[in-house]
Amino acid sequence: MRKRIKLITFNLGNLSNKAIKKIRKKNTYLIGNWCRETKNLYQEKTDTKILNFYNWDKLKEKTEDIKYILSVYNKLLVKLTKNLNSIHKTKYNKKYWEFLINRWLMAFIVDIYSKWRITDYLLQKYDVKEFLYQDLKDKMFLPENTFHHNIMHKTQSSFTHWCLRKIFKYRVENLNEKKIKISNLSKIKKTISKNKFKMYKTNIFNLSLFKKIFLYELSFDKKIYFYLKFKNFFINLPYKNEAISFNKNFNNKNLRKDFFNLFKNSKKGFEDFLIKHMYHSMPKIFLENYAALHNCYLTLNWPKQPEFILTTYGHYYDEIFKIYCANKIIKKTKLFIFQHGDGGYFADDDFYNIGWDKKLCNKFFVWGKNTKKGCKAFFYTKKYLDQTPTFYSSINGKVLLIVYGFIELPLRPPHGFIDAYEKNKIITFNTVDFVNSLKKNIKNKVDIKLLDDSIDSVVKKSIKYKLKKYKIYDEKRSLLNNLKNYNLTIHFYLSTPFFETILFNKPTILIFNKKIQFNYDKNFYLFMKRFYENKIAFTSIREAVLFVNENFNNLESWWNNKKVQKIREDFCETYCRNFKTNSDFKEIFK
């Protein structure tokens, strides 16, 4: 028999203290840790039961989730292609529409599926006798464009609650709801509105003597950028941005209704719910404002028939670039996308990483000679190095701790991932324990670089609470520009900075907990084994601290020894290698 509960799916931080006390009663449950009103991970007080359905060990189920998501994506893409052509009176193929809507559609499916699977587990075990809800109007969450949709689902707990309420009302017949007043509705509306992402049209002077090459939003160091243009005899010069505002004449109020009437009724279930929920989740740029977007495309002064388009970021959220690119790649133009952050070493063909990018382009260039399917060998593009620097310890050199805080919202299905709140606790407690265990002379040299996306900056507040005297820098402070000030970097989460400090030959230590990471492919785990053997990675805070305390004054002998440098070189060659002027760029356009 299922236990009867009262269920909360919104963040308690949206309520007054009086309201919180009122709803905290027996058999009241929070659906997940993102509903907490946590202000400090070291001062948690809650008498409300909290559910957690996330399980990192269910890796087979994670793979099955991905297969299912891809099957839903492909079926929906066919339907959307047909219906978008019908509503806009066009005849574009699936490739065209996929390039336009891919980033939104995949994020939309993964987001809703993640919440759907959580409700699967909950409804198997519990009977929701009362669903507490906040009255959030559908029109609040109607996205203007891809960025607007994706930033809402990634950052707004109100958006999560709105989605979950829709799911429960769809799945539970005669759901008993109780309305709870929102104390900060105006703040929620303001936050959602400011994330609409202003659109700009960039004027570009492009001249090619031989190959017709067009560059857009390319994350290359200036020297590498110059070398690419010099070797291929072309100029690509952005010179003016123009803000785009869509003419209201293009806004057809009935178009959305007419579009969704084109979908045939389907059997009740996840896919049927997706289409129903899409009514309020499909960006206006693909429906009401598509005609205006197409008109904007026609006014671009970009190359009419480029042979090659190169980008790093443009295909994500720049709707003008996307429609330009979509119109070109359905003809003879080849699209090359370049890696911008760590990637290419995850299981499941990098589905939650570069897998989405590889699907869209002719070639996907990665930072090293990664032999993985769909990866084209290249090099690290964000910073030019004449040669790999030799590490020399500086008397005034400090220790940089690189720390992450994650948004606690349910952005991934519960299989093969840890709950983000628990992830934040592990990272925060590891950071504080590490610093407190250092020798005093080393403690005094510590700085912290924190990239914190947690709700209400709870990771930063918690670290500050325990480590009051230490400087905490955010992402605005460039890692690469300040790396010279440090003798040692300590990473509490494996991400892009780890690859960069290894490439720049800066002594690097990784505090590794596999359950706060995605699972990796076999090749990467072989490197991890070598990292453990050479004291580059530790699974124990205690062992890492002992190593640093014993070796900080003699880092050169550890880091510069042949064995450590050999693994560093092998790792960089595979995942993050340096640019070689005599050999690189030769094969790029072949």
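These lines cover the structure that appears in this document, whether it is placed above or below. (Residues numbered from 1 in each chain as written. Predicted model: local features only at pLDDT ≥ 70, side-chain atom pairs only at ≥ 80, totals over all residues. Heavy atoms only, no water.)

1. Notes on the pattern of salt bridges
As enumerated under the stated definition, the model contains 30 salt bridges in all. When the shortest N-O distance is used, the salt bridge between Lys 6 and Glu 130 registers 3.9 Å. With Lys 6 in strand β1 (residues 3-8) and Glu 130 in strand β4 (residues 126-133), the pair connects residues that are 124 residues apart, well separated along the chain. Take Lys 6 and Glu 130: they sit in the same class, and that class is buried. Between Lys 461 and Asp 456 there is a salt bridge, and its shortest N-O distance comes to 3.0 Å. Here Lys 461 falls in the partly exposed class, since its relative accessible area comes to 38%. Sharing partners across several salt bridges, the network here consists of Lys 39, Asp 456 and Lys 461. (Salt bridge = Lys/Arg side-chain N within 4 Å of Asp/Glu carboxyl O. Helix = DSSP H or I, 4+ residues; strand = E, 2+ residues; numbered from the N terminus. Buried < 20%, exposed > 50% of the residue type's maximum accessible area, 1.4 Å probe, protein only.)

2. Points about the environment of Asp 318
For Asp 318, the location among the structural elements is in the loop between α11 (314-317) and α12 (319-329). At 2.5 Å, the side chain of Asp 318 and the side chain of Tyr 216 are in polar contact. A polar contact of 3.0 Å, which involves the side chain of Asp 318, links it to the backbone nitrogen of Phe 321. (Polar contact = N/O pair within 3.5 Å; in protein donor to acceptor, adjacent residues only side chain to side chain.)

3. Let's talk about the environment of Asn 370
Looking at the secondary structure, you find Asn 370 in the loop between β11 (363-366) and β12 (375-377). Judged by its relative accessible area of 10%, Asn 370 is buried. Sequence spacing of Asn 370 and Tyr 575 is 205 residues, and the spatial spacing of their C-alpha atoms is 6.2 Å. Sequence-distant contacts of Asn 370, that is, excluding residues within four places in its chain, are made with Gly 344, Cys 375, Thr 574 and Tyr 575. Polar contacts involving the side chain of Asn 370 include one to the main-chain carbonyl oxygen of Gly 344, which spans 2.8 Å. (Contact = heavy atoms within 4.5 Å.)

4. Here's the deal with the sheet that holds strand β15 (residues 472-473)
Read from one edge to the other, the open sheet built from six strands follows the order β15-β14-β13-β16-β17-β18, with strand pairing classed as parallel. Every interior strand has two partners, whereas the edge strands, β15 and β18 (537-538), have only one. (Pairing = 2+ DSSP bridges.)

5. Remarks on the packing of helix α3 (residues 94-125) against α12
Where α3 meets α12, the axes come as close as 9 Å, and the angle between the chain directions of the two elements is 160°. In terms of axis orientation, α3 runs roughly antiparallel to α12. Handedness of the α3/α12 crossing: right-handed. Here α3 contributes Lys 95, Tyr 96, Phe 99 and Leu 100 to the contact with α12, which in turn contributes Glu 319, Lys 322, Ile 323, Cys 325, Ala 326, Asn 327 and Ile 329. (Axes fitted to C-alpha atoms, helices over the stretch in contact; angles between N-to-C directions. Parallel < 35°, antiparallel > 145°, perpendicular 65-115°, else oblique. Left-handed = near helix turned anticlockwise from the far one by under 90°.)

6. Considerations on the packing of helix α2 (residues 59-88) against α3
One can describe the packing of α2 onto α3 by two numbers: an axis separation of 9 Å at closest approach and a directional angle of 135°. If you check the angle between α2 and α3, you find them oblique. The way α2 lies across α3 gives a crossing that is right-handed. Partitioned by chemical class, the residues of the contact of α2 with α3 number 18 nonpolar, four polar and four charged. (Nonpolar A, V, L, I, M, F, W, Y, C, P; charged D, E, K, R; others polar.)

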